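Close look at the chain arrangement
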Amino acid sequence: MKKRVAVLISGRGSNLSALIGAAAAPDYPAQIVLVISNIAGAAGLARAAEAGIPTATIAHKGETREAVDAEVDAALRAANAQIVCLAGFMRILSDGFVRGWEGKLINIHPSLLPAYRGTRVHERVIEAGEALSGASVHFVVPELDAGPVIAQEKVPVHPSDTPEILAARVLTIEHKLYPAGLRMVAAGEVRLEKGLAVFG
Ligand code: GRF
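Anyway, here's the lowdown on the structure attached to this text. Positions within a chain are numbered from 1, following the residues in the order the chain's sequence is written. Restriction of local features to residues with pLDDT of at least 70 applies here, the model being predicted, together with a cutoff of 80 or more for giving and counting side-chain atom pairs; totals for whole chains, interfaces and linings are based on all residues. Hydrogens and water are ignored here; the side-chain numbers use all heavy atoms of the structure.

As for the site of the ligand
The criterion, for reference: In these notes, residues near a molecule or strand are those with any non-hydrogen atom within 4 Å of it. The term polar contact refers here to a pair of N or O atoms within 3.5 Å; inside protein, the definition further demands a hydrogen-donor-capable atom paired with an acceptor-capable atom, and it admits residues adjacent in sequence only when both atoms are side-chain atoms. A cavity here means a set of 1 Å grid points, computed over protein atoms only, where a 1.4 Å probe fits but cannot escape. A pocket is an open set with protein on both sides within 12 Å along at least 5 of 7 lines, and lining residues have an atom within 4 Å of a point. More than half of a molecule's atoms lying within 2 Å of a cavity's or pocket's grid points is what places that molecule inside it. Put simply, Ala, Val, Leu, Ile, Met, Phe, Trp, Tyr, Cys and Pro go in the nonpolar bin, Asp, Glu, Lys and Arg in the charged bin, and everything else, Gly too, in the polar bin.
Near the ligand you find R12, G13, S14, N15, G88, I108, P110 and E174, and these make up its full shell. Taking N15, its main chain carries an N or O atom lying 2.8 Å from an oxygen atom of the ligand. At a separation of 2.7 Å, an oxygen atom of the ligand approaches a polar side-chain atom of E174. The cavity that encloses the ligand is the largest pocket. Partitioned by chemical class, the residues of the shell around the ligand number 2 nonpolar, 4 polar and 2 charged.

Some points on helix α6 (residues 163–186)
Put simply, the rule is: A helix here means a DSSP run of H or I that spans at least four residues, while a strand means a run of E at least two residues long, and both kinds are numbered starting from the N terminus. Helix span, as expected, comes to 1.5 Å for every residue beyond the first. What we call the bend at a residue is the angle made by axes fitted to the seven residues finishing there and the seven residues starting there.
Along its 24 residues, α6 runs 33 Å from first to last C-alpha, staying within 8% of the 34 Å computed at 1.5 Å per residue. Along its length, α6 reaches its greatest deviation from straightness, about 30°, at E174. G188, located one to two residues past α6, shows a positive phi value of around 75°.

Thoughts on unusual backbone geometry
Here L113 and P114 are connected by a cis peptide whose omega angle stands at 10°. Relative to the elements of secondary structure, P114 occurs in the loop between β5 (105–109) and α5 (121–127). In this model, Y116 sits at a positive phi of 60°, which is unusual for a non-glycine residue. With respect to the helices and strands, the residue Y116 is situated in the loop between β5 and α5.

So, the environment of L132
The cut-off we apply is this: Partly exposed residues are those whose accessible area sits between 20% and 50% of the maximum for their type, while under 20% is buried and over 50% is exposed, using a 1.4 Å probe and protein chains only. Note on contacts: a residue pair qualifies if any of its non-hydrogen atoms lie within 4.5 Å across the two residues.
Within the element layout of this structure, L132 appears in strand β6 (residues 132–139). Using a relative accessible area of 42% as the deciding quantity, one classes L132 as partly exposed. Put simply, L132 and V155 are 23 residues apart on the chain and 5.8 Å apart in space, counted from C-alpha to C-alpha. Once residues within four sequence positions are removed from consideration, L132 is found in contact with L112, K154, V155, P156 and V157.

What follows is the structure, given as structure tokens:
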């Protein structure tokens with residue numbers, strides 16, 4: 001049985017597209033059953049609709065973070081989601097939500113975690129004169145971008161890189177890495193145990 005996966009987005013949705021593409025393969029262990037955006041009209045919503053995937057927009061309308069997250073949680077449970085992928089989802093989730101999906105909630109971050117958590121990653125990597133950057137798929141824990149890594153891939157940083165050029169190079173590998181990371185979680189090849197990623 002394919003695992004039922006929901007994807008949370010805020011924008012462009014190129015990683016969502018990569019996941020939809022991978023999940024189209026008959027032997028892929030996961031299917032995307034719901035896409036939720038916190039931003040109305042996010043481009044990724046149209047991509048999901050094109051693929052025939054149900055979508056929802058749950059925007060922040062002045063309620064507490066916990067109230068919004070409870071709404072997201074209810075939509076995920078109603079869709080019988082078993083795994084939740086954050087794909088360019090630009091809202092911090094409450095600790096309660098994260099704990100409720102512990103081991104089933106994953107994210108992709110455009111750096112070689114634990115280095116360069118947070119935002120402005122490519123600017124900071126270039127400013128620091130790094131020779132290597134990359135992307136990481138990781139389990140989500142309450143502390144931002146601090147969860148254990150499931151899969152990681154490196155790219156070179158060139159002296160002439162701008163943040164935009166480096167972002168594009170990293171994004172290319174994200175589109176392979178996220179489907180690979182989700183495959184591992186859906187197939188039960190990696191799980192979160194006592195705060196660590198356990199393989200096999
Ligand atoms: C990606 O770079 C991802 O690593 C980061 O946000 C960006 C989302 O891009 N978390 P997209 O919406 O998937 O195109």
